[in-house]
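# What the coordinates show
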Amino acid sequence: MASVALRGLGKRFGTFTALESVDLSIPDGEFLVLLGPSGCGKTTVMRMIAGLEEPSCGDILIDGQRVNDLAARDRDLAMVFQNYALYPHMTVGQNIGYPLKIKRIKGEERQRRVQEAADKVELGHLLARKPAELSGGQRQRVALARALIRTPRLFLMDEPLSNLDAKLRTVMRAQLKHLQRELATTTIYVTHDQVEAMTLADRIVILNDARIQQIGTPAEIYARPANVFIAGFIGSPPMNLIEGRIENGRFVHAAGAVGVTAADRARAVLGLRPEDIALADPADADLVGEVYASELIGDHTLLSIRIGQTLVAVKVAPDGGLPIGTKAGLKASTGKLHVFDGESGERPPVRQ
Ligand SMILES: Nc1ncnc2c1ncn2[C@@H]1O[C@H](COP(=O)(O)OP(=O)(O)OP(=O)(O)O)[C@@H](O)[C@H]1O
Ligand SMILES: [Mg+2]
């Protein structure tokens, strides 16, 4: 168990800045998720914490101790790599048991723990295979089992579920969360899947353009995304973002207007979650458009309503589907509106 702190941590590859100055404190036992699109620097952060990449600037502290100069093997952490990094000449059992071999744990105990770890990831029957004889998802689970076989002070997991099929991924997600609670081992987990981030994390750190965009609990980030990038990234489907302007306390768009509590601005973005919009009589609606598509998802129907050039997603009851081309009025739930600056994309600070 360990706390981790990053102080002004940055990484340049030649003239390219992969990560600007990152500051982050992770308390002992936390499940922290780094979330961001491809190339935003997630793996780079992990490799620096693991000691596989040297920071260009800043410090890494584990339990208050600066570890920049500590070799990877002395940092007492287990990492699951994005690309598995299995030993091809070893069997599944030998790969999983390797961390114990290094610690000179032998014979029956090693065998027992290998079996336990393999069973946790449903690979107990494949211990004699070589990695080349496994599917991508099975290889990924070998890498997971190899990390779970010992109790390091820190888990680093880089997209550990990305190669599993949808069903297994959901099962493994619940298992990982359960296990992490049980072991209470500080975990830093990388994903570009916002559902995975929302479901697993105690706190989420959103990275984009080599910088931290927002840090918060899943509920905080969902309720108050700090800018349009985050608003358009979190939620499935994510928040609708509609461009317009704010005039006399109203967001104004060619398709209508909505009352808001924000200062006038020539360019603004209105954010509305699909579940915070209701259909209304066009005569009495905030915005008016027409049905572009109607999809039954299962427990709800997703309507896409076209207003001007924008498609607005609206969640309605399963039997609430409408024919394409139907005129549709939209009413936003008061108190559930988000306003962003049209230039910077940022949520303006709350006025006192
Ligand atoms: N050794 C390297 N030399 C040069 N550039 C690198 C190197 N490693 C990473 N980069 C660049 O740094 C940026 C961040 O890479 P990183 O692997 O951290 O992204 P990521 O967020 O993990 O992306 P993904 O979700 O695709 O795995 C990318 O633009 C990448 O091309
Ligand atoms: Mg990566």
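Residues numbered from 1 in each chain as written. Chains lettered and ligands numbered in written order. Predicted model: local features only at pLDDT ≥ 70, side-chain atom pairs only at ≥ 80, totals over all residues. Heavy atoms only, no water.

## A closer look at the pattern of salt bridges
Charged atoms that come close allow side chains of opposite charge to pair. This model, assessed by the stated rule, comprises 18 salt bridges. With a closest N to O distance of 3.8 Å, Lys336 and Asp276 form a salt bridge. Of this pair, Lys336 sits in the loop between strand 19 (327–332) and strand 20 (338–341) while Asp276 sits in the loop between strand 14 (265–272) and strand 15 (277–280), placing them 60 residues apart in sequence. What makes Lys336 partly exposed here is its relative accessible area of 42%. In the salt-bridge network here, residues are joined through shared partners; they are Lys11, Arg47 and Glu53. (Salt bridge = Lys/Arg side-chain N within 4 Å of Asp/Glu carboxyl O. Helix = DSSP H or I, 4+ residues; strand = E, 2+ residues; numbered from the N terminus. Buried < 20%, exposed > 50% of the residue type's maximum accessible area, 1.4 Å probe, protein only.)

## Observations concerning helix 5 (residues 166–183)
With 18 residues, helix 5 ought to run about 26 Å at 1.5 Å a step, and its terminal C-alpha atoms sit 25 Å apart, in line with that. If you check which residues of helix 5 are buried, you get Leu168, Arg169, Met172, Arg173, Leu176, Leu179 and Gln180. On an axial view of helix 5, the arc spanned by its buried residues comes to 140°, and they lie on one face. Structural note: helix 5 exposes Lys167, His178 and Glu182 on the side pointing more than 90 degrees away from its buried face. The positive-phi residue at the C-terminal boundary of helix 5 is Ala184, with phi of around 55°. (Expected span 1.5 Å × (residues − 1). Arc of directions from axis to C-beta.)

## Notes on the sheet that holds strand 5 (residues 65–66)
Strand order in this open sheet of 4 strands is 2-1-4-5, and the pairing throughout is antiparallel. The open sheet has two free edges, formed respectively by strand 2 (16–26) and strand 5, since each of these has just one partner strand. Sitting on the sheet, helix 1 (residues 42–50) touches strand 1 (4–13), strand 2 and strand 4 (57–62), and the angle it makes with strand 1 is about 115°. (Pairing = 2+ DSSP bridges. Contact = heavy atoms within 4.5 Å. Axes fitted to C-alpha atoms, helices over the stretch in contact; angles between N-to-C directions.)

## A word on the packing of aromatic side chains
Under the counting rule described, the total for this entry stands at 3 aromatic pairs. Seen in terms of ring centroids, Phe31 and Tyr189 are 5.6 Å apart; in terms of plane orientation they differ by 45°. Their pairing is tilted. Here the residue Phe31 occupies a position in strand 3 (residues 31–35), and Tyr189 occupies one in strand 8 (residues 186–191), the gap between them amounting to 158 residues. Here the two residues Phe31 and Tyr189 agree in accessibility, since each one is buried. (Phe/Tyr/Trp six-rings, centres within 6.5 Å; stacked < 30°, edge-to-face > 60°.)

## Section: the site of ligand 1
By nearness alone, 13 residues border ligand 1, and Ser38, Gly39, Lys42, Thr43 and Thr44 come closest of all. Here an oxygen atom of ligand 1 sits 2.5 Å away from a polar atom, N or O, in the side chain of Ser38. One of the backbone nitrogen or oxygen atoms of Cys40 is found 3.2 Å away from an oxygen atom of ligand 1. Protein contact buries 61% of the 640 Å² of open area that ligand 1 shows by itself. Elements supplying a minimum of two residues to the shell around ligand 1: strand 2 and helix 1. For the shell around ligand 1, the leading source of residues is helix 1, giving 3 residues. Here the shell around ligand 1 is composed, by residue class, of 5 nonpolar, 6 polar and 2 charged. (Near = heavy atom within 4 Å. Polar contact = N/O pair within 3.5 Å; in protein donor to acceptor, adjacent residues only side chain to side chain. Areas by Shrake-Rupley, 256 points an atom, 1.4 Å probe, with all protein chains shown as cover. Nonpolar A, V, L, I, M, F, W, Y, C, P; charged D, E, K, R; others polar.)

## Details of unusual backbone geometry
Each neighbour pair has its own omega, and for Ser236 with Pro237 the value is -10°, a cis peptide bond. The topology assignment puts Pro237 in the loop between helix 8 (228–231) and strand 11 (240–247). Within the chain, Asp76 stands out as a residue other than glycine whose phi angle is a positive 55°.

## Brief notes about the domain arrangement of the protein chain
What the domain assignment reports for the protein chain is domain 1 (4–223) and domain 2 (229–341). Taking only C-alpha atoms, the centre of domain 1 and the centre of domain 2 are 38 Å apart. Opposite the 15 residues of domain 1 that make contact, domain 2 presents 9 residues. Taken together, the two surfaces of domain 1 and domain 2 that pack against each other cover about 980 Å², and 68% of this comes from carbon and sulfur. Contact with domain 2 buries area across many residues of domain 1, yet Gln194, Ile206 and Tyr222 alone supply 51% of it, more than any other trio. The interface formed by domain 1 and domain 2 holds 0 salt bridges in total. Summed over the shared surface of domain 1 and domain 2, the result is 3 residue pairs in polar contact (both at pLDDT 80 or more). Taken together, the elements giving at least two residues each to the side of domain 1 that touches domain 2 come down to helix 6 (194–200), strand 9 (203–208), strand 10 (211–216) and helix 7 (218–223). (Domains from an automatic or database assignment. Buried area = accessible area lost by both parts, 1.4 Å probe.)

## Comments concerning the nonpolar core
Membership of the largest hydrophobic core comes to 44 residues, with the highest contact counts inside it found for Ile96, Leu144, Met157 and Tyr189. If you tally residues by element for this core, the top one is helix 4 (residues 136–148), at 6 residues. Summarising the domain contributions, this core has at least three residues from each of domain 1 (4–223) and domain 2 (229–341). Contact partners of Met157, with chain neighbours within four places excluded, come to Met46, Val80, Leu144, Leu148, Leu176, Ile188, Tyr189 and Val190. (Core = buried A, V, L, I, M, F, W, Y, C linked by side-chain atoms within 4.5 Å.)

## Regarding the packing of helix 4 against helix 5
In a pair of packed helices, the angle between the axes and the distance between the axes together describe the arrangement. At a closest axis distance of 13 Å, the pairing of helix 4 and helix 5 adopts a crossing angle of 5°. Viewed along their axes, helix 4 and helix 5 adopt a mutual orientation that is roughly parallel. Between helix 4, through Arg141, Leu144 and Leu148, and helix 5, the contact on the second element is made entirely by Leu168, Met172, Leu176 and Leu179. Residues of the contact of helix 4 with helix 5, tallied by class, amount to 6 nonpolar, no polar and 1 charged. (Parallel < 35°, antiparallel > 145°, perpendicular 65-115°, else oblique.)

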